[in-house]
Amino acid sequence: MCPSLEEGVAPTRQRLRFEGWIAGVGTSSSVRLVLGHWARSPFGPFSDVMLEQANGRRLLLAPTAVIGDFIAGTYTFDEVQIVPVTVDVAGEVWSVTAPSLDMCFTTGRRARLGALLHAVPGSLAIRPAWSALVDVPARLLLGVRTCGSTRAGRREWYGVQDLLPISSAVASFGGNDLGPLARVEPPVHFGAGSVPRKPAVVRLTTTVGLERGASF
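Fair warning: this is a prediction, and the values are worked out from it, not measured in the lab.

Colleague: Could you give me a rundown of the overall build of the chain, with the residues and numbers involved?
Modeller: Assigned secondary structure in the chain consists of six helices and 13 strands. Burial statistics for the chain: of 216 residues in total, 48% are counted as buried. Considering only contacts within the chain whose residues lie at least 6 apart along the sequence, 61% involve residues at least 24 apart. In the form shown here, the chain has an accessible surface area of approximately 10,100 Å², with 56% of it arising from carbon and sulfur atoms.

Colleague: If you had to explain the packing of aromatic side chains to someone new, which residues and values would you point to?
Modeller: According to the stated counting rule, one finds eight aromatic pairs in the structure shown. Here the aromatic rings of Trp94 and Phe105 are separated by 5.5 Å at their centres, their planes lie at 20°, and the arrangement is stacked. Pair noted here: Trp94 is in strand β7 (residues 93–98) and Phe105 is in strand β8 (residues 101–107), with a separation of eleven residues, a long-range link. On the basis of relative accessible area, Trp94 is assigned to the buried category, the value being 7%. On the basis of relative accessibility, which here comes to 0%, the residue Phe105 falls in the buried class.

Colleague: Give me the lowdown on unusual backbone geometry, citing residues and values where you can.
Modeller: The amide bond that connects Glu185 to the next residue, Pro186, takes the cis arrangement and shows omega of -5°. Within the secondary structure, Pro186 sits in the loop between β12 (181–182) and β13 (200–209). Backbone geometry at Ser30 places phi at a positive 75°, although glycine is not the residue there. Residue placement: Ser30 occurs in the loop between β1 (15–27) and β2 (32–40).

Colleague: Lay out helix α2 (residues 65–74) with the relevant residues and their values.
Modeller: A large share of α2 lies buried, amounting to seven of its ten residues. Of the positions making up α2, those classed as buried are Ile67, Gly68, Phe70, Ile71, Ala72, Gly73 and Thr74. Buried-residue contacts for α2 involve β1, β3 (46–52), β4 (58–62), β5 (79–82), β10 (155–173) and β13.

Colleague: Break down the pairing of β2 for me, citing the residues and quoting the values.
Modeller: Sheet topology note: the β1/β2 ladder contains eight bridges and is antiparallel. Within β2, the position partnered with Val25 by the bridge is Leu33. Relative to β3, β2 runs antiparallel, the two being bridged by seven bridges. Each residue of the ladder has a partner; that of His37, found in β3, is Ser47.

Colleague: Tell me about the pattern of salt bridges, residues and numbers included.
Modeller: Counted by the stated rule, this structure contains six salt bridges. The residue Asp78 makes a salt bridge to Arg58 at a minimum N-O spacing of 3.5 Å. Pair noted here: Asp78 is in the loop between α2 and β5 and Arg58 is in strand β4, with a separation of 20 residues, a long-range link. The class of Asp78 is partly exposed, set by a relative accessible area of 40%.

Colleague: Residue-level account of the side chain of Thr74, with values.
Modeller: Mapped onto the secondary structure, Thr74 falls in helix α2. Looking at Thr74, the relative accessible area reads 2%, which means it is buried. Within the structure, the side chain of Thr74 is placed 2.6 Å from the side chain of Arg154, a separation counted as a polar contact.

Definitions and limits used
- Residues numbered from 1 in each chain as written.
- Predicted model: local features only at pLDDT ≥ 70, side-chain atom pairs only at ≥ 80, totals over all residues.
- Heavy atoms only, no water.
- Helix = DSSP H or I, 4+ residues; strand = E, 2+ residues; numbered from the N terminus.
- Buried < 20%, exposed > 50% of the residue type's maximum accessible area, 1.4 Å probe, protein only.
- Contact = heavy atoms within 4.5 Å.
- Areas by Shrake-Rupley, 256 points an atom, 1.4 Å probe, with all protein chains shown as cover.
- Phe/Tyr/Trp six-rings, centres within 6.5 Å; stacked < 30°, edge-to-face > 60°.
- Pairing = 2+ DSSP bridges.
- Salt bridge = Lys/Arg side-chain N within 4 Å of Asp/Glu carboxyl O.
- Polar contact = N/O pair within 3.5 Å; in protein donor to acceptor, adjacent residues only side chain to side chain.

As structure tokens, this is what we get:
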């Protein structure tokens, strides 16, 4: 259940904003990957990868210890690796590299849902109240949450502003080919929500509300 709006936007709760993209990729090996590519954040621009293996083991690849500590304080992982994560975007082609990971995926044309999200004014889409309002439709249509509670008393709201389908992907982890693109099933279990069942890239603003009196 989403946090109440009165609690969630209380001025005594510090709120942090992350603006960028999240990509959810499934593979035929049942390894699921979630890329965060952030243009603006309290830590500056950065990228990270959350990976859940077929046996349920959850791994975070983060570029610095500070970022790794913050993400691991919000979501749940079995292992955190501090490694460089590089993302190159050339039109519709995204390339992601880390010491143990190579991934390349291609986005397709924006469909009707993406067009509807793209049409929502940015000033409205980033408001926690809007994220709470669209949470139920998002669960029914996409199998995702747009708000919820996470670790350490933190609360999170996803203000989605665009959605592009992923039409193809190749990935390897630890030198092993992960197989062709597949649906993100079962859902990933890092925190309050998953990513769309059909592989996609979403543009969004993520707002993280810290527990009262907490620092990051």
